[in-house]
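The residues making up each chain are set out below.
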Amino acid sequence: MTSLTDTQNVYTSSAAIGSDLSTAQLPQFEKLGHDILSSLEAIARQIQQSVNQPDPPPINDTIDSVTSQIECQIESLRAVFTQLPKITQQLNRAHSLLLAQRETSMDGILVVDECDRIVSINQKFCDFWNVPPELTKVRDDHKMLSHAVSQTANPEQFLAKVQHLYNHPTESSHDEILLKDGRMGDRYSAPVISADGEYFGRVWYFRDITERKQHERALEAMNETLEASVQERTPA
């Protein structure tokens, strides 16, 4: 697992979701849908113009023309529906990869969209913040934030950093936080950006580093003791 400090500063939408959703094909279907709709609207206008002409063409000619155009659009729709099972399979596969990546991560992960809705959360996040099950169902980042703030040793500082990042959506942040129960946490956050540069929200990573900090303090204390011992034995 890559450490938080090794994480990229900006996450693409697919990276935050956790896998390639094969979205490259989706714009093609969107364009085809618009083209079909435009064609059907053009057919409707053609019928209306034919009816409103002072000397309208024979009805059979109009019907043949309209029928031919509709058949072309039906073929286009058939092509779309033929591809849908493949796209669905790809999305289901991507969703499975997402769940596996999210739940096997060493970090607590929270993804919030641009409307402050929680779109992804894993069990390690819930464990880190002692999140009650009913809160995960609400999907409201404001309530989740209030719950987290209540557990920090420096709530004002913690909240100020969160608000700063939401007010500056392109910024990333990496710092450490202290909880009331004595645990130390590593906090990393970055914006979620689409391939086109559109802001989709923010991803948060939390990791319990209490044990690591304890080891670091123990090593520092040992080094200080050794240095003091060396100085005592060193002739003035």
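Residues numbered from 1 in each chain as written. Predicted model: local features only at pLDDT ≥ 70, side-chain atom pairs only at ≥ 80, totals over all residues. Heavy atoms only, no water.

Participant: Mind showing me how you'd approach unusual backbone geometry here?
Facilitator: Backbone geometry follows two general trends: most residues other than glycine have a negative phi, and most peptide bonds adopt the trans configuration. One non-glycine residue, Asp 116, adopts positive backbone phi at about 65 degrees. Relative to the elements of secondary structure, Asp 116 occurs in the loop between β2 (108-113) and β3 (118-121). For Asp 116, a relative accessible area of 26% puts it in the partly exposed group. Despite not being glycine, Arg 139 has its phi angle at roughly 60 degrees, a positive value. Along the polypeptide, Arg 139 turns up in the loop between α5 (133-138) and α6 (141-149). Looking at Arg 139, the relative accessible area reads 34%, which means it is partly exposed. (Helix = DSSP H or I, 4+ residues; strand = E, 2+ residues; numbered from the N terminus. Buried < 20%, exposed > 50% of the residue type's maximum accessible area, 1.4 Å probe, protein only.)

Participant: Where do I start with the confidence of the model for the chain in this structure?
Facilitator: Any region with low pLDDT has predicted coordinates that should not be read closely. Put simply, the chain has an average pLDDT of 79, and 70% of its residues get 70 or more. A low-confidence stretch, residues 11-24 stays under pLDDT 50, and its non-local contacts, those more than four residues away or across chains, total 29 contacts. (pLDDT = per-residue confidence, 0-100. Contact = heavy atoms within 4.5 Å.)

Participant: I tried to follow the pattern of salt bridges on my own but got confused; where do I start?
Facilitator: Two side chains carrying opposite charge are able to pair once their charged atoms lie near each other. For the coordinates displayed, the defined rule picks out nine salt bridges. Between Arg 117 and Asp 113 there is a salt bridge, with the nearest N and O atoms lying 3.1 Å from each other. Among the residues examined, Arg 117 registers a relative accessible area of 46% and is labelled partly exposed. Owing to a relative accessible area of 10%, Asp 113 belongs among the buried residues under this scheme. It is possible to trace a salt-bridge network through shared partners that takes in Glu 176, Arg 212, Lys 213 and Glu 216. (Salt bridge = Lys/Arg side-chain N within 4 Å of Asp/Glu carboxyl O.)

Participant: Sorry, what's going on with α6 here?
Facilitator: Because the α-helix completes a turn every 3.6 residues, residues three or four places apart line up on one side. Among the residues of α6, Asp 141, Met 144, Leu 145, His 147, Ala 148 and Val 149 are the ones counted as buried. Looking at the buried side of α6, the elements it contacts are β2, β3, α4 (123-129), α5 and α7 (155-167). Measuring from the side-chain oxygen of the N-cap residue of α6 to the backbone nitrogen of His 142 gives 2.9 Å; that N-cap residue is Asp 140. (Polar contact = N/O pair within 3.5 Å; in protein donor to acceptor, adjacent residues only side chain to side chain.)

Participant: I'm lost on empty space enclosed by the protein in this one. Help?
Facilitator: The method is simple in principle: a probe with the dimensions of a water molecule rolls over the atoms, and the space it marks as empty is what remains. Within this structure, the stated rule accounts for one cavity of 30 Å³ or more. For the lining of the largest cavity, the secondary-structure elements that each account for two or more residues are α4, α6, α7 and β6 (199-208). With four residues, the top contributor of residues to the lining of the largest cavity is α6. Looking at the lining of the largest cavity residue by residue, the class counts come to 11 nonpolar, no polar and one charged. (1 Å grid on protein atoms, 1.4 Å probe; cavity = no way out; pocket = protein on both sides within 12 Å on 5 of 7 lines; lining within 4 Å. Points joined across faces, edges and corners; volume = space filled by probe spheres on them. Nonpolar A, V, L, I, M, F, W, Y, C, P; charged D, E, K, R; others polar.)

Participant: Sorry if this is basic, but what is going on with the packing of aromatic side chains here?
Facilitator: One pair of aromatic rings is described through two measures. These are the centre distance and the angle between the planes. As enumerated under the stated definition, the model contains seven aromatic pairs in all. One aromatic cluster in this structure is built from Phe 125, Phe 128, Trp 129, Phe 158, Tyr 166, Trp 204 and Phe 206. Cation over ring: Arg 183 sits above Phe 128, and NZ or CZ is 5.2 Å from the ring centre. (Phe/Tyr/Trp six-rings, centres within 6.5 Å; stacked < 30°, edge-to-face > 60°. Lys NZ or Arg CZ within 6 Å of the ring centre and 35° of its normal.)

Participant: Got a minute to help me understand the packing of α6 against α7 in this structure?
Facilitator: Helix packing geometry: the angle between the two helix axes and the distance between the axes. Relative orientation of the contacting elements α6 and α7 amounts to 150 degrees, with a least axis distance of 10 Å. Relative to α7, α6 is oriented roughly antiparallel. Contacts between α6 and α7 involve Asp 141, Leu 145, Ala 148 and Val 149 from the first element and Pro 155, Phe 158, Leu 159, Val 162 and Tyr 166 from the second. Looking at the contact of α6 with α7 residue by residue, the classes come out as eight nonpolar, no polar and one charged. (Axes fitted to C-alpha atoms, helices over the stretch in contact; angles between N-to-C directions. Parallel < 35°, antiparallel > 145°, perpendicular 65-115°, else oblique.)

Participant: Explain the nonpolar core to me, please; I cannot follow it from the model alone.
Facilitator: Side chains that are nonpolar tend, in soluble globular proteins, to be buried together. By size, the foremost hydrophobic cluster in this structure holds 21 residues, and its most contacted members are Phe 125, Trp 129, Phe 158 and Phe 206. Sorting the residues of this core by element identifies β2, β3, α4, α6, α7 and β6 as the ones contributing at least two each. Apart from the residues within four sequence positions on either side, Trp 129 is in contact with His 147, Ala 148, Gln 151, Thr 152, Phe 158, Ile 177, Leu 179 and Phe 206. Residues Ile 109, Val 111, Ala 190 and Tyr 205 belong to the second largest nonpolar core, which totals seven residues. (Core = buried A, V, L, I, M, F, W, Y, C linked by side-chain atoms within 4.5 Å.)

Participant: Help me out: how do you make sense of a nonpolar patch on the surface in this one?
Facilitator: A contiguous nonpolar surface patch, about 220 Å² in accessible area, is contributed by Leu 40, Ile 70 and Ile 74. Checked against the element boundaries, Ile 70 lands in helix α3 (residues 59-104). (Patch = residues over 30% accessible without salt bridge, like charges linked within 9 Å, V, L, I, M, F, W, Y side chains within 5 Å. Areas by Shrake-Rupley, 256 points an atom, 1.4 Å probe, with all protein chains shown as cover.)

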